[in-house]
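Residue-level structural notes
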Amino acid sequence: MEERYEHKTQARIQNVVRTKMMDKYVREEPMIRGPTFMARLRSHTVFENTPIKLFCTVEGFPMPLVKCTAKVDENLISLLTWKLLFYSLFFYRCSTDDTAQYTAVACNSHGQASSQASVIVKSDPLPPVLFHLFLPFSNLSAAMLPQIHYTKIHITFLDKFGPVFATEGESARLTATMTLNPNLANLQPEAQWYRDDTRLFDSKWVKIDTGRGVTTLTIPNLFKDDEGLYTIRMVTKGGAAEHSAFISVSDGPPPVTGAPGAPMDIKIHDANRDYVIVSWKPPNTTTEGPILGYFVDKCEVGTENWTQCNDHPIKICKYPVSGLFEGHAYYFRVRAVNSHGISKASRMSDPICVCVCTLSSLCVCFSVAEGKPPGAPSKIHASETDRTYVVLSWKAPAYSSKAPMWYYIEKCMVDSGAWQRVNTQVPIRSPRYAVFDLSEGKHYKFRVLSANIHGASEPSEPTGPIETLQLKGLLCVPSAPGQVISTRETNTSVLIQWAPPKEPNNLIGYYIDQCVKGSKDWTSANHKPHKSTKFVVSGLTTGETYVFRVQAINELGLSDESQESAPLTVKAALSHTAFSATPSAPYDIALLNCDGHSMVLNWKKPLHSGGAHVKAYYVDKRRSGTTMWREIHIPSVTERLYKVTGLEAGTSYTFRVCASNAAGVGMASMASDPLTAKALEVLEASFSLCIQGSQEVCCVVDEKSGDIVLSFESCQITEGSQFLWKKDYKEITDFSKGLVIKTEGSHSKLIFKNADKEDFGTYSVSVTNTEGVSSSYSISAEELTKMLALSYDIRHPIIPLKSELAYKILERGRMRFWLQAEEISPNVTYKFFANNKELSGPNKMGHDVSAGIIEFIMDHFTEENEGTFTCQITDGGGKGQSSLVLIGDAFKAALAEADYQRREYIRVKEGPHFSEFLSLHVGDDCSVTLVCKVSNLKKESVFQWFKEDTEIVPDVKPDLGSGLCKLPIKLFSLKTAGVYKATISDDRGKDMSQIDISGKVFDDAINKINQLAGASAAELVINCTATGIQLQCHMKYYTSEMNISWLEINTYSIVITNSENSNKRTLDLSGDGQYLLSHLLHRGKVVGGLPDVVTIMEKKTLSLTCTVCGDPKPQVTWLKNGSDVEADDQYSVSLDQGKFASLTIKGVSMENSGRYTMIVQNKYGGESVDIVVSVYRHGEKMPEVKPTLTPKTIIPPKFPIEIPQSKTQPAPSPAPSTPSPAPPKAAAGKGVKSPTPTRRK
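What you are looking at is a predicted structure, and each value in this text was computed from that prediction instead of being measured. (Residues numbered from 1 in each chain as written. Predicted model: local features only at pLDDT ≥ 70, side-chain atom pairs only at ≥ 80, totals over all residues. Heavy atoms only, no water.)

Another point: the overall build of the chain. Counting secondary structure elements, the chain contains six helices and 86 strands. Residue burial in the chain is summarised as follows: out of 1241 residues, 40% are buried. Accessible area for the chain stands at about 69800 Å²; split by element, carbon and sulfur atoms hold 52% of it. (Helix = DSSP H or I, 4+ residues; strand = E, 2+ residues; numbered from the N terminus. Buried < 20%, exposed > 50% of the residue type's maximum accessible area, 1.4 Å probe, protein only. Areas by Shrake-Rupley, 256 points an atom, 1.4 Å probe, with all protein chains shown as cover.)

And the structure:
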């Protein structure tokens, strides 16, 4: 009985163990992963003697070990509680010594993770005794407390950091010192560092230190990722003060000369169980060769073993890395490859942990019977498609079995029906997977099967056709950027602007190159892609002239270079040697008026002028919620008042202002409050308020006179009542400053004829003989400033213009600048300025009152006149201004036209000149000639030809009697392209004409040659040569630049293409030609068996044997050093069965060394093969002879091959689409002969 009970107990225990083991297998398998902080440590700031509890929640399997790296003192107790790996650290009573940064590190066999928190313990603000003293006053009324006024802190930078130019691997240090006014110990600003609008914090890459008016940012090890615009922003409650400078990081020395720079900006995307996607940005290749591809490396966290992920270089800047281990953390880096070698590695990425699927992607559980395979997945689709891989996602089936479930993926080409399993060895556990190794531009279908230990499900419904991407369209490099404009900025920097490419194709940014004018040494201005279409190139040499170009980039590489900018000499836009400091920032930007589409802005001048007079202001705007500032006017503003036009009604904008003096442009002001473009309800001067009990003083600016008016109307006035006006509750008695009181009936006005900034205050009015009728109005300084600005606009109206300032080029190259106003008076005055310098000359300026035209004539327009031209008009109280900017291509066009008009006047009126300039002519025989015509000559006139400034002496002298001069260009091709110039001169002067034979001019000439040569092309003929069979076509002229192509579609064709049509000649080898080719293939051939080199000892027998073939059987001839070998006692020649040829030399001696040639030939031609024989004496070391043989030589047939005439007459072929000269006809019965060179001796 006991044994039976024991047997049942054991069986029950074994059953429980089997069940638990299954649960253990099911639950442990998906839990194996590295540690992860589900709830991270949180920072605290508390007073002394306050309890703190730091806690965190950690997940991972096996269970992670959590350690605290901060030192635990006696008053610190570590309390460990277990609830989903919940850890806590408790401070019973904090002291200032507990201020520190605490780090919790969790680690297991699959990786580690950490979390940090700062604890700041402050001293108790009040002792307990003092605290109780204030308790009786806690119920006092708030009205008894003093008003707290806002304190604004003004920050002035004393020492600023400038641009830094460094190389990878070096260090950089940026330091800024400042003064605070007022400097309050408990109200210090916060220092915030930014790189290209990205906030920087202390890390292993960047160190930040701030205190006592100094802030420092240190980069211990520079990478190109660190390049950018660095900004220090000192933030207070009233705003922020900032300063910026650019750090340029060039490529370090490459491992191999000519290797490219390192890639940068490594990013990790789409981290899953066993793969991630790595992306990066390509380096600039200004001086290096083009990049052929990239290698991606990985390294597991905690090791230093870098392994290469891809066997072959990849061309796109994106790569999916597979074969990772779930729960492990990895670093990644990238190297670039070109024809010279491999670059240095990029900065490694941040660590990424390969994670498991989230809870949202787990399968939904329902009741399913045990022991069955799972159902089929559903809703399979492609969530991402690339050139060589597709990321698939699907919905898991309903599943509740304890056995683990995994997936298999199958693929097939569309219309093939052959399904192929993708993951045969690695099971997939999450409903998302990347399928790699696909072909570009192909259509695929995919389906998924779910499986467990009981079997696999039916396949899911296949996806629709999914096409992988190709290198076209959006997957091509961007087009070249547009026009590049360079503008002067400082003595060492230039502002570059350009138009974005028309086809951006997922644009990443731009690279800017610079070059000294006249040289070809291009260097990179930036080494990290720049996103904006505006860039300041720093570190230039003052007085040097530069040109610039731009390239756009995306993940496929770099675009073509843009056109070069106009040459620009580096010098400050504003220069004054006596001053070196720029002004501080303006402040208090105020809105004076708004009509819904424009705003009138006013601001206060800078507190520090920099030691020079502030000459101008620059206003920027941006939409609220955006970060891009835009300059809203080209000429500078001289007054602290500006009307912003072109606003969108209902949209909020913020503004900022920069001041400039002779030293340059200062810092920008703090951004204004958001201002909405909404019309303000401005009270009219005739406004009246006559509602019982609600009379108020209103303040307006009169629209006609510009006077500031305070008006008040009382409905309770009686006979004998008077209006008494007061300022700050004192009666107004001083009317010497233009203050006027005007009363009409029940309406009284206080009018400021000449208001100034001191007139702010509280104004009140009372009415006598009433029941205390009175009212008051407070005019603040800000409101008064706005009204003064509005009054100024009314009293100083702007003269309207019909047309803005424009220019016209007159005879002799003179420039006429003019504008037209709607109306001007005879007393109008005006001034013209060029680059802020007044243009003088009363005889050169004039105006027409009836037409409203004002003009200025400039006699000499030169390169120094590039810039901005301005006309300022004053007519009575009205003023007007208009500007014209002539820079870049616009200035070049105007200057070229002025020079042309000046030269035309001189040459036509005075000396010899070209009546017809140089032009290129192509004759009917495809000859190319330069032609020009000169006039107004005399006997002493000299005509010369030049190419690239080198004189050309033609075979035939120019005919100056007729004035027609010609220069034939022999063998016209790219080698003859270049700049040609012709000059005619005598003692009266000199004229010149030139033509650049390149680009469109060269293409047009080649197109004309294509047209003439194509029309003259003869029919194709077959030519047998020593190197093989040739198809030949004779035409008038040929050069490699002609557009000629060969086609083979059942027949052989040559096509000569021009812009209008094409000429085609065809040879059909299916008939007679096929007969000819088939017989040529039956020539004598050497099949094999002969060595290249033979080394043999004296007195031995040498046998050279090989196999030959041909139909008819070929003849074999042997040569030694070019002479026939005759059979004798030593030499024996044989040919067995017409296939096996041999040469036997008995008792070889030193005289038998040399080059032997075997010639195999029949009537259709043959081949020759060379063998080197080297004989050495007995006892000597066998010499090493290296073969220096020519390849196998083909011998043409001895006589022409006759083609038999067909018995039936073939149908005539249709006429060709384009006219072609008739080929020469062969004599009847003799066939077509192929020219054959004589056999070599």
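To describe a pair of aromatic rings, you give the distance between the ring centres and the angle between the ring planes. Under the defined criterion, the tally for this structure stands at 21 aromatic pairs. Through pairs of rings, three or more aromatic residues link up here, namely Phe-914, Phe-917, Phe-943 and Trp-945. If you follow Arg-347 out to its NZ or CZ, it ends over the ring of Trp-205, 4.2 Å from the centre. Against the face of Trp-522 rests Arg-549, its NZ or CZ located 4.1 Å from the ring centre. (Phe/Tyr/Trp six-rings, centres within 6.5 Å; stacked < 30°, edge-to-face > 60°. Lys NZ or Arg CZ within 6 Å of the ring centre and 35° of its normal.)

Turning our attention to the pairing of strand β33 (residues 484–488). For β33 and strand β34 (residues 494–498), the ladder comprises five bridges, and the chain directions are antiparallel. Note that in β34 the partner of Thr-487 across the bridge is Leu-495. Between β33 and β34, which pair antiparallel in sequence order, lie five residues. (Pairing = 2+ DSSP bridges.)

Glancing now at the side chain of Thr-762. Residue placement: Thr-762 occurs in strand β55 (residues 761–767). The exposure class assigned to Thr-762 is buried, which follows from its relative accessible area of 18%. A polar atom in the side chain of Thr-762 sits 3.2 Å from the side chain of Ser-778. (Polar contact = N/O pair within 3.5 Å; in protein donor to acceptor, adjacent residues only side chain to side chain.)

Moving on: the sheet that holds strand β26 (residues 390–395). The strand order across the open sheet built from three strands is β25-β26-β29, with neighbouring strands paired in antiparallel fashion. Every interior strand has two partners, whereas the edge strands, β25 (378–385) and β29 (432–435), have only one. Pairs of neighbouring strands in the sheet enclose a mean axial angle of 25°, with direction left out of account. (Axes fitted to C-alpha atoms, helices over the stretch in contact; angles between N-to-C directions.)

To continue, consider the sheet that holds strand β51 (residues 723–727). Spatial strand order, β52-β51-β55-β56: four strands in an open sheet with antiparallel pairing. Across the chains shown, the open sheet's two edge strands, defined by having one partner strand only, are β52 (730–731) and β56 (774–779). The pairing of β51 with β52 spans two bridges and is classified as antiparallel. When the sheet's bridge partners are listed, Lys-727 is paired in β52 with Lys-730.

Checked against the element boundaries, Gly-911 lands in the loop between α4 (888–909) and β65 (913–922). For the pair Gly-911 and Asp-987, spaced 76 residues apart in sequence, the C-alpha to C-alpha distance is 8.5 Å.

Empty pockets left among the atoms are what a rolling probe the size of a water molecule brings to light. Evaluated as defined, the whole model comprises four cavities of 30 Å³ or more. In this structure, the largest cavity encloses a volume near 60 Å³. Residue contributions to the lining of the largest cavity peak at three residues, all from β33. Residue composition of the lining of the largest cavity, by class: six nonpolar, two polar and one charged. (1 Å grid on protein atoms, 1.4 Å probe; cavity = no way out; pocket = protein on both sides within 12 Å on 5 of 7 lines; lining within 4 Å. Points joined across faces, edges and corners; volume = space filled by probe spheres on them. Nonpolar A, V, L, I, M, F, W, Y, C, P; charged D, E, K, R; others polar.)

What follows concerns helix α5 (residues 1000–1015). Compared with the 22 Å implied by 1.5 Å per residue over 16 residues, the 22 Å span of α5 between its first and last C-alpha is a close match. For α5, the complete set of buried residues consists of Phe-1002, Ala-1005, Ile-1006, Asn-1007, Ile-1009, Asn-1010, Leu-1012, Ala-1013 and Gly-1014. For α5, the secondary structure elements touched by its buried residues are β65, β66 (928–935), β71 (989–997), β75 (1051–1057) and β76 (1062–1067). (Expected span 1.5 Å × (residues − 1). Contact = heavy atoms within 4.5 Å.)

With that out of the way, let us pick up helix α3 (residues 781–795). What sets the pattern is the α-helix's 3.6 residues per turn: residues three or four places apart point alike. The end-to-end C-alpha distance of α3 is 21 Å, a good match for the 21 Å that 15 residues give at a rise of 1.5 Å each. Taken as a whole, α3 has its buried residues at Leu-784, Met-787, Ala-789, Leu-790 and Ser-791. Taken together, the buried residues of α3 touch β41 (587–594), β45 (641–644), β49 (698–701), β50 (708–713) and β56.

A few words now on the pattern of salt bridges. Proximity of charged atoms lets side chains of opposite charge pair with each other. On inspection of all chains with the given rule, the structure shows 25 salt bridges. Salt-bridge contacts for Asp-251 lead to Lys-224; the nearest nitrogen and oxygen are separated by 2.7 Å. Taken together, the positions of Asp-251 in the loop between β17 (239–250) and β18 (264–269) and Lys-224 in the loop between β15 (214–219) and β16 (228–236) put the pair 27 residues apart, joining distant regions of the chain. Here Lys-224 falls in the buried class, since its relative accessible area comes to 1%. (Salt bridge = Lys/Arg side-chain N within 4 Å of Asp/Glu carboxyl O.)

It is worth spelling out the environment of Arg-233 at this point. Summarising the element assignment, Arg-233 is placed in strand β16. Residue class for Arg-233 comes out partly exposed when judged on its relative accessible area of 24%. Sequence-distant contacts of Arg-233, that is, excluding residues within four places in its chain, are made with Glu-190, Ala-191, Gln-192, Tyr-194, Ala-240, Ala-241 and Glu-242. Within the structure, Arg-233 has its side chain in polar contact with the side chain of Glu-242 (distance 3.0 Å).

Assignment of secondary structure puts Pro-260 in the loop between β17 and β18. The spacing of Pro-260 and Ser-339 is 79 residues in sequence and 9.4 Å in space, taken between C-alpha atoms. In this structure, Pro-260 is in contact with Glu-288, Ile-291, Ala-336, Val-337, Asn-338, Gly-341 and Ser-343, ignoring residues within four places of it in sequence.

Detailed reading of the predicted model is not advised wherever pLDDT is low. Looking at the chain as a whole, its pLDDT mean stands at 79, while 84% of the residues score no less than 70. A low-confidence stretch, residues 126–150 stays under pLDDT 50, and its non-local contacts, those more than four residues away or across chains, total two contacts. Note on residues 356–369: pLDDT under 50 across the span, and 23 contacts to partners over four residues away in sequence or across chains. (pLDDT = per-residue confidence, 0-100.)

With that settled, the discussion passes to the nonpolar core. Core analysis: the biggest nonpolar cluster contains 35 residues, and Leu-930, Phe-943, Trp-945, Phe-972, Ile-997 and Ile-1009 have the highest contact counts within it. Counting residues per element, the ones that place at least two in this core are β65, β66, β67 (942–947), β69 (964–969), β70 (978–986), β71, α5 and β75. When near neighbours in sequence (up to four residues on either side) are disregarded, Ile-1009 contacts Val-922, Cys-926, Val-928, Phe-972, Gly-1014, Tyr-1037 and Met-1042. (Core = buried A, V, L, I, M, F, W, Y, C linked by side-chain atoms within 4.5 Å.)

A separate point is the side chain of Arg-347. Among the structural elements, Arg-347 can be located in the loop between β23 (329–337) and β24 (352–353). A residue is classified by how much of its surface remains accessible, and Arg-347, at 10% relative accessible area, is buried. For Arg-347, the side chain forms a polar contact with the side chain of Asp-226, separated by 2.6 Å. Among all residues touching Arg-347, those that are not within four sequence positions of it are Trp-205, Asn-221, Phe-223, Asp-225, Asp-226, Ile-266 and Phe-332.

In this section: unusual backbone geometry. That bond from Asp-1111 to Pro-1112 is cis: its omega, 5°, falls within 30 degrees of zero. The topology assignment puts Pro-1112 in the loop between β79 (1102–1109) and β80 (1115–1120). The phi torsion at Leu-971 lies on the positive side, around 50°, for a residue other than glycine. The topology assignment puts Leu-971 in the loop between β69 and β70. Located in the positive-phi region is Asn-1121, a residue other than glycine, with phi close to 50°. Along the chain, Asn-1121 turns up in the loop between β80 and β81 (1123–1124). Among the residues examined, Asn-1121 registers a relative accessible area of 52% and is labelled exposed.

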